[in-house]
Amino acid sequence: MGLENMVIPAHVAVILDGNGRWAKKRGIPRAMGHKAGCETLETMVEAAARMGIGYFTVYGFSTENWKRSAEEVKALMQLFRYYMVRLLKVASENNVRVKMIGEKSRFAPDIIEGIDRLVEGTKDNTGMTFVIAVNYGGRDEIVRAARKLVKDYRENGEDVSTIDEKLFASYLDTDKIPDPDLLIRTSGELRLSNYLLWQLAYTELYITECLWPDFNQEELEKAIVAYNGRERRFGGRK
Ligand code: IPE
Ligand code: IPE
Ligand code: MG
């Protein structure tokens with residue numbers, strides 16, 4: 001399938017889901033599903049950059065995912081450690097700038113350092129921006145933004161009537177990042193799972209049964225073709 005005459009969405013957000021189900025189908029441990037998912041992520045960052053997508057925002061670990069078994073959380077942390085280094089290479093080779101959204105202080109010091117290295121080491125790249133959402137929750141992000149905003153307003157004695165949507169959005173982790181045009185969720189669940197609650201207000205949704213480790217460039221192209229068939233409205237009339 002080609003993408004001739006297709007509009008490439010400027011910002012694609014992804015809920016990568018189904019690593020566990022993929023492993024279960026094969027009768028292998030969940031951690032193996034996560035490993036396969038990390039490999040898919042690596043190839044998809046490159047594919048998205050080559051397609052000319054401007055921003056690619058992927059949900060890697062939610063604020064709720066800490067509730068999984070200690071064994072699974074540990075396996076995920078080990079994979080972060082390994083794939084952060086690989087991602088630095090992929091990003092550097094593809095002129096990709098990496099940003100992180102979420103609350104990183106809950107991670108182990110070496111993971112925080114790895115994230116900083118990834119962001120710092122790619123900050124001058126001028127191609128696609130790959131946004132990785134880790135220890136991310138939409139509600140947590142909004143609460144943290146509200147805290148920072150209240151603190152600033154108190155310190156400066158500002159009038160709260162100057163707070164508008166634009167100002168509030170500048171306190172979110174996604175400051176300066178445009179809202180997603182297309183949200184892809186793999187593995188068929190019809191929910192947002194606390195992802196980008198503010199930013200997805202008018203985003204087009206595309207849910208596929210494809211499990212994340214099976215996702216590939218062709219699946220991304222299918223989502224973009226579906227997106228091109230949508231009529232975007234933003235609450236107005238055509
Ligand atoms: C997504 O796969 C990866 C993370 C949430 C970290 P899941 O682990 O949620 O896979 P399923 O939903 O159990 O299949
Ligand atoms: C959402 O997937 C979180 C990530 C993809 C990182 P989950 O698998 O955690 O979401 P639920 O539990 O099915 O809603
Ligand atoms: Mg899941």
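Residues numbered from 1 in each chain as written. Chains lettered and ligands numbered in written order. Predicted model: local features only at pLDDT ≥ 70, side-chain atom pairs only at ≥ 80, totals over all residues. Heavy atoms only, no water.

The local shell around ligand 2 consists of Ile 15, Leu 16, Asp 17, Tyr 59, Gly 60, Phe 61, Ser 62, Asn 65, Arg 68, Arg 185, Arg 191 and Ser 193. Within the side chain of Asn 65, an N or O atom sits 2.9 Å from an oxygen atom of ligand 2. Within the contact set of ligand 2, an oxygen atom lies 2.8 Å away from a side-chain nitrogen or oxygen of Arg 191. In isolation ligand 2 has 390 Å² of accessible area, and contact with the protein removes 78% of it. Across the shell around ligand 2, the residue classes tally to four nonpolar, four polar and four charged. (Near = heavy atom within 4 Å. Polar contact = N/O pair within 3.5 Å; in protein donor to acceptor, adjacent residues only side chain to side chain. Areas by Shrake-Rupley, 256 points an atom, 1.4 Å probe, with all protein chains shown as cover. Nonpolar A, V, L, I, M, F, W, Y, C, P; charged D, E, K, R; others polar.)

The strands that make up a sheet pair up through hydrogen bonds in the backbone, lying either parallel or antiparallel. Taken in spatial order, the six strands of this open sheet run E3-E4-E2-E1-E5-E6, and their pairing is parallel. Only two strands of the sheet have a single neighbouring strand rather than two, namely strand E3 (97-101) and strand E6 (204-207). Each neighbouring strand pair of the sheet contributes to a mean axis angle of 20°, computed without reference to strand direction. In the sheet, strand E5 (residues 182-185) pairs with E6 via four bridges, with the strands oriented parallel. Following the sheet pairing, Leu 182 is matched in E6 by Glu 204. Here helix H4 (residues 109-122) sits on the sheet and contacts E3 and strand E4 (129-136); the angle it forms with E3, its principal contact strand, is near 140°. (Pairing = 2+ DSSP bridges. Helix = DSSP H or I, 4+ residues; strand = E, 2+ residues; numbered from the N terminus. Axes fitted to C-alpha atoms, helices over the stretch in contact; angles between N-to-C directions. Contact = heavy atoms within 4.5 Å.)

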